[in-house]
Amino acid sequence: MKKIFIITGEYSGDIHAGKVAEELRKLNPDIEMEGIGGENLKNAGVKLFSDQKKMGAVGLSPKIILDHFTLGKRVVDYLTKEYHPDLVLLTDYGAFNLSISKFLKKAGIKVFYYIPPQVWASRPWRLNTIKKNIDEVLCIFPFEKELYESHGIKTHYCGHPLVSQLPEKADRKSFFIKHNLDPNKKLVSVFPGSRIFELEQLMEIFIKSAKILQKKHPDLQICISHAPNLSDKDYNKYLKNTDYKVIKGENQALLSVSDALILASGTVALEAALYATPMIIAYRGPWFFYLIYLLVRCIKMVSLPNIISNKIIVPEIIQAKVRPEIISYEIEKILFDEKYREDYINSLEKIKTLLSDKISSKEAAQEVTKELMI
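What counts and what doesn't
Residues numbered from 1 in each chain as written. Predicted model: local features only at pLDDT ≥ 70, side-chain atom pairs only at ≥ 80, totals over all residues. Heavy atoms only, no water. Pairing = 2+ DSSP bridges. Helix = DSSP H or I, 4+ residues; strand = E, 2+ residues; numbered from the N terminus. Axes fitted to C-alpha atoms, helices over the stretch in contact; angles between N-to-C directions. 1 Å grid on protein atoms, 1.4 Å probe; cavity = no way out; pocket = protein on both sides within 12 Å on 5 of 7 lines; lining within 4 Å. Points joined across faces, edges and corners; volume = space filled by probe spheres on them. Phe/Tyr/Trp six-rings, centres within 6.5 Å; stacked < 30°, edge-to-face > 60°. Buried < 20%, exposed > 50% of the residue type's maximum accessible area, 1.4 Å probe, protein only. Core = buried A, V, L, I, M, F, W, Y, C linked by side-chain atoms within 4.5 Å. Contact = heavy atoms within 4.5 Å. Parallel < 35°, antiparallel > 145°, perpendicular 65-115°, else oblique. Left-handed = near helix turned anticlockwise from the far one by under 90°. Nonpolar A, V, L, I, M, F, W, Y, C, P; charged D, E, K, R; others polar.

Caption draft 1: Broad picture of the sheet that holds strand S8 (residues 187–191). Strand order in the open sheet formed by six strands is S10-S9-S8-S11-S12-S13, with parallel pairing between adjacent strands. Two strands close off the open sheet at either side, each with one partner strand: strand S10 (245–248) and strand S13 (316–318). Neighbour to neighbour, the strand axes of the sheet diverge by 20 degrees on average, direction disregarded. Where strand S9 (residues 221–226) lies against S10, four bridges are found, and the strand directions are parallel. By the bridge assignment for S10, Ile224 is matched with Val246.

Below, the structure written as structure tokens:
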């Protein structure tokens, strides 16, 4: 019986790895799978060595570092001295997984990496670690294959998971009725991020931007997307003196029915692009971390739609430029400049074609299965 161990870090990685595990089970009914993850891996029949709650923490506090170090030592000891898997499938979560890969390589354990670190965006020196310790990279962006292979790293392009996993557009009329919105009025939705520090950095500015827009255009409707991992308390302190509708747990439906979006950077921008919903990206952080980012970045664009297209489609408002008057101006262009809006949507509609129509989880599972059959 073949044995696989899967390591994820955050919630999104658990979703994507869970889909791969489901496909692996179809191809190999007798396979034994264990891993670090959440409900998605568990529901796919993976026995959890540890859940990922501690791994989802953000920052460099002594406790977070200690938790990661302790878990890393435990899992390496288990894999090398007890479980002895035929293959370890790392998924996303670069810092932790690349550290683990060094010890697995020394122990002679085969290691594949699904959704590898975005070395094309920053920290290109990670390519050396990947070349030394990863047997095959299962990448999700078409341009990654050429990059990894140019460094002598075996790579298979699986396609992006969102292309096959993203739900169809919600029915606008039904969604508006459900949430007591007026279908005859334009809707601007705000996605301030899913981490506390993102709310602290962005929410007040996003609220001020929305107020400017509504003052100039009283018929505009504003919705705030509530990340399911954050509490009502985290949001409510920013929403005093507003009557904005807060919608929780329906991110993708809200993305698909909105007329324009104010987004923090992240995968949400690619989801919006696949729905062809025009957006602006606004992001800022502490200046110290921003200066470090400037030192390690490889490309000047930050949003995935722009990186995939290799040109600026989505307005990127970064750091000192994150101001209400700039954000509201860009949203007005999206809503009321008809030629600009039409060209914008046409550009977004081309992104799905650039990513291909591969079913990412099936491609990854098939590539892993090939290795297991050797």
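Caption draft 2: Summary view of empty space enclosed by the protein. One pass over the structure, following the stated rule, counts one cavity of 30 Å³ or more. In terms of lining, the largest cavity is formed by Ile196, Leu199, Glu200, Asp234, Lys237 and Tyr238. Among the elements that line the lining of the largest cavity, the one with the most residues is helix H9 (residues 196–216), at three residues.

Caption draft 3: Inspection of the packing of aromatic side chains at higher detail. This structure, assessed with the given rule, holds ten aromatic pairs. Aromatic side chains Trp120 and Phe143 sit 5.1 Å apart centroid to centroid with 90 degrees between the ring planes, which places their arrangement in the edge-to-face category. Of this pair, Trp120 sits in the loop between strand S5 (111–114) and helix H5 (126–133) while Phe143 sits in helix H6 (residues 142–150), and the two are 23 residues apart along the sequence. Of the residues examined, Trp120 reaches a relative accessible area of 9% and is grouped as buried. On the basis of relative accessibility, which here comes to 29%, the residue Phe143 falls in the partly exposed class. Each ring, one from Tyr340 and one from Tyr344, has its centre 5.9 Å from the other, and the planes form 70 degrees; the classification is edge-to-face.

Caption draft 4: View of the nonpolar core. Phe5, Leu263, Met279, Ile327 and Ile331 are the most contacted members of the largest nonpolar core, which has 121 residues in total. Examining the composition of this core, we find that eight residues originate from one element, H9, more than from any other. In this structure, Ile331 is in contact with Val188, Leu213, Ala260, Leu261, Ile262 and Ile280, ignoring residues within four places of it in sequence.

Caption draft 5: Highlighting the layout of surface pockets. Taken as a whole, the second largest pocket holds about 170 Å³ of empty space. Leu162, Val163, Leu166, Pro167, Glu168, Lys169, Leu274, Tyr275 and Lys352 are the residues that line the second largest pocket.

Caption draft 6: Spatial organisation of the environment of Tyr293. If you trace the backbone, Tyr293 turns up in helix H13 (residues 287–296). Take Tyr293: its relative accessible area is 26%, and that puts it in the partly exposed class. Distance from Tyr293 to Arg123, taken between C-alpha atoms, is 9.4 Å for residues 170 residues apart in sequence. What Tyr293 contacts, discounting residues up to four positions off in sequence, is Ile299 and Val302.

Caption draft 7: Representation of the packing of H9 against helix H15 (residues 324–336) in the model. Viewed as axis vectors pointing N to C, H9 and H15 meet at an angle of 50 degrees, and their least axial separation amounts to 8 Å. When the interaxial angle is binned, H9 and H15 end up oblique. The element H9 and its partner H15 pack so that their crossing is right-handed. Here Ile205, Phe206, Lys208, Ser209, Ile212, Leu213 and Lys216 of H9 come into contact with H15, specifically with Pro324, Glu325, Ile327, Ser328, Ile331 and Glu332. Of the residues assigned to the contact of H9 with H15, the class counts are seven nonpolar, two polar and four charged.

Caption draft 8: Highlighting the sheet that holds strand S4 (residues 87–91). Across the sheet, which stays open at both edges, the seven strands sit in the order S3-S2-S1-S4-S5-S6-S7 with parallel pairing between neighbours. Edge positions in the sheet fall to strand S3 (47–51) and strand S7 (155–157), since each of these pairs with one other strand and no more. Going across the sheet, the axis of each strand differs from the next one's by a mean of 15 degrees, ignoring polarity. Across the sheet, H6 lies against strand S6 (136–139) and S7, angled at about 170 degrees from S7, the strand it touches most.

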